[in-house]
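Now for the letters of each chain:
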Amino acid sequence: MKECDTIKNKSYIPPAYIQIRDILVEKINSGEFKSDSQLPSERELSETYKISRMTARNALTQLVDSGYAYRLKGKGTFVRFPKIERDFVRLSGFSQMLKSKGIKPGNKIVKSGIIVADKKIASLLETTMGTKVYEIVRIRYGNDIALALEYSYLPVNLFDNLLQYDFEKDSLYKVIEENYNYKLKYSKQWIKIITLNKEESKLLNVKENTPAFLLESISYDMDEKVVESTLSLNIGDKTAFYTELWPSNI
């Protein structure tokens, strides 16, 4: 805990324990406190911020209740990276979704190149087996924590020289829309529950057979043409999904 950290003064001053909770949340989101690392104890918080032990205890309880931490009896309070809520209401890329939640996105290319579509990929892209497609495999990060392993497939005939772009930095959706003029209209999506194999677990830095959500998506342009398909393996305890259901007569 840095000595220069202070409780912020505002026109409306929330209770001290809420201010301490918010400071700790900022440190978790910034990556200063890593997932599963131990948080300062009640005594350390009370000494650093000149607050009572009860106030410090309330701040840590608030952190646990909001999903940012967990307690181990006799050991202390530890960081739990909050679940990333992916909604099925808006069509947006992974990085854009994280940014909207105040989380720093990151990407690492595992491999990229041109392959021939097998039965599965051909079905997703609504094309024939043997068609040449781009395959881009990335690890997706939030605040430097691996969240998902993503396989993206795009028809070669629609995207000339696609691999000139750096998809560790460039948004795939943004490139599709702004550089190739394929305005995305909608996406079909399916979710399955799976367990990660040895290779996937190693890439995501989790144990083998960790539960994950397999999100399959097919994106269409304004002419109802498939322009991209993604298979995304999302670590189960770091992901939640959100949608909205409306009566059919509205």
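Computed from a predicted model, the values in this text were never measured in an experiment.

Notes on the nonpolar core
Nonpolar side chains in soluble globular proteins generally cluster together in the buried interior.
Thinking step 1. Core analysis: the largest hydrophobic core is formed by 22 residues, its most contacted members being L149, Y151, Y153 and L204.
Thinking step 2. When contributions to this core are tallied by element, the ones reaching two or more residues are α5 (119-124), β5 (132-142), β6 (145-155), β8 (211-221) and β9 (226-235).
Thinking step 3. Those residues within four positions of L204 in sequence are excluded, and the remaining contacts are I139, A146, A148, L149, L196, L233 and I235.
Thinking step 4. Of all hydrophobic cores here, the second largest spans 17 residues; its members include L24, V25, F33 and Y49.

Things to note about the pairing of β8
Thinking step 1. Of all 11 residues making up β8, 9 are buried, and the element is well covered by its neighbours.
Thinking step 2. Bridge count between strand β7 (residues 184-195) and β8: 11 bridges; the pairing is antiparallel. Within β8, the position partnered with L184 by the bridge is D221.
Thinking step 3. In terms of strand pairing, β8 meets β9 through 9 bridges, oriented antiparallel. From the neighbouring strand, S219 faces β9, where its bridge partner is E228.
Thinking step 4. Counting the residues in the hairpin turn of β8 and β9 gives 4 residues, including E224, whose phi is positive at 65°.

Things to note about the packing of aromatic side chains
Thinking step 1. If you walk through the whole model with that rule in mind, you get 6 aromatic pairs.
Thinking step 2. On the basis of an interplanar angle of 20° and a centroid distance of 5.8 Å, the ring pair of Y70 and F78 is categorised as stacked. By the burial criterion, Y70 is buried, and F78 matches it.
Thinking step 3. With a centroid separation of 6.3 Å and 50° between ring planes, the pair formed by Y165 and F167 is classed as tilted.
Thinking step 4. Overall, the relative accessible area of 22% leaves Y165 in the partly exposed class.
Thinking step 5. By way of ring pairs, the aromatic residues F159, Y165, F167, Y180 and Y182 are connected into one cluster.

Quick notes on the layout of surface pockets
If a probe as big as a water molecule is rolled over the atoms, it shows which places are left empty.
Thinking step 1. Here the second largest pocket defines a volume of roughly 270 Å³.
Thinking step 2. Together, 13 residues line the second largest pocket, and D36, L204, N205, V206 and K238 are the ones closest to its centre.

Quick notes on helix α6 (residues 172-179)
Thinking step 1. All of the buried residues along α6 are L172, Y173, V175 and I176. What you see down the axis of α6 is that its buried residues fit within an arc of 165°, all on one side.
Thinking step 2. The secondary structure elements touched by the buried residues of α6 are β5, β6, β7, β8 and β9.

Points about the pairing of β5
Thinking step 1. With 9 of 11 residues buried, β5 is to be regarded as a mostly interior element.
Thinking step 2. Note: strand β4 (residues 105-116) against β5, 11 bridges, orientation antiparallel. In the sheet register, G106 faces β5, and the bridge partner there is Y141.
Thinking step 3. Strand direction decides the pairing type here: β5 and β6, joined by 10 bridges, are antiparallel. Directly across from I139, in β6, lies its bridge partner L149.
Thinking step 4. Between β5 and β6, which pair antiparallel and follow one another directly, the connecting turn spans 2 residues, one of which, N143, has a positive phi of 50°.

A word on the pattern of salt bridges
Thinking step 1. Taken as a whole and judged by the stated rule, the model has 11 salt bridges.
Thinking step 2. In this structure, the salt-bridge partner of R57 is E42, at a minimum N-O distance of 3.1 Å. Separated by 15 residues along the polypeptide, R57 in helix α3 (residues 53-65) and E42 in helix α2 (residues 42-49) bring together distant segments of the chain.
Thinking step 3. On the accessibility criterion, E42 (18% relative accessible area) is buried.
Thinking step 4. Taken together, the salt bridges that share partners define one network made up of E42, R53 and R57.

How each quantity is defined
Residues numbered from 1 in each chain as written. Predicted model: local features only at pLDDT ≥ 70, side-chain atom pairs only at ≥ 80, totals over all residues. Heavy atoms only, no water. Core = buried A, V, L, I, M, F, W, Y, C linked by side-chain atoms within 4.5 Å. Buried < 20%, exposed > 50% of the residue type's maximum accessible area, 1.4 Å probe, protein only. Helix = DSSP H or I, 4+ residues; strand = E, 2+ residues; numbered from the N terminus. Contact = heavy atoms within 4.5 Å. Pairing = 2+ DSSP bridges. Phe/Tyr/Trp six-rings, centres within 6.5 Å; stacked < 30°, edge-to-face > 60°. 1 Å grid on protein atoms, 1.4 Å probe; cavity = no way out; pocket = protein on both sides within 12 Å on 5 of 7 lines; lining within 4 Å. Points joined across faces, edges and corners; volume = space filled by probe spheres on them. Arc of directions from axis to C-beta. Salt bridge = Lys/Arg side-chain N within 4 Å of Asp/Glu carboxyl O.

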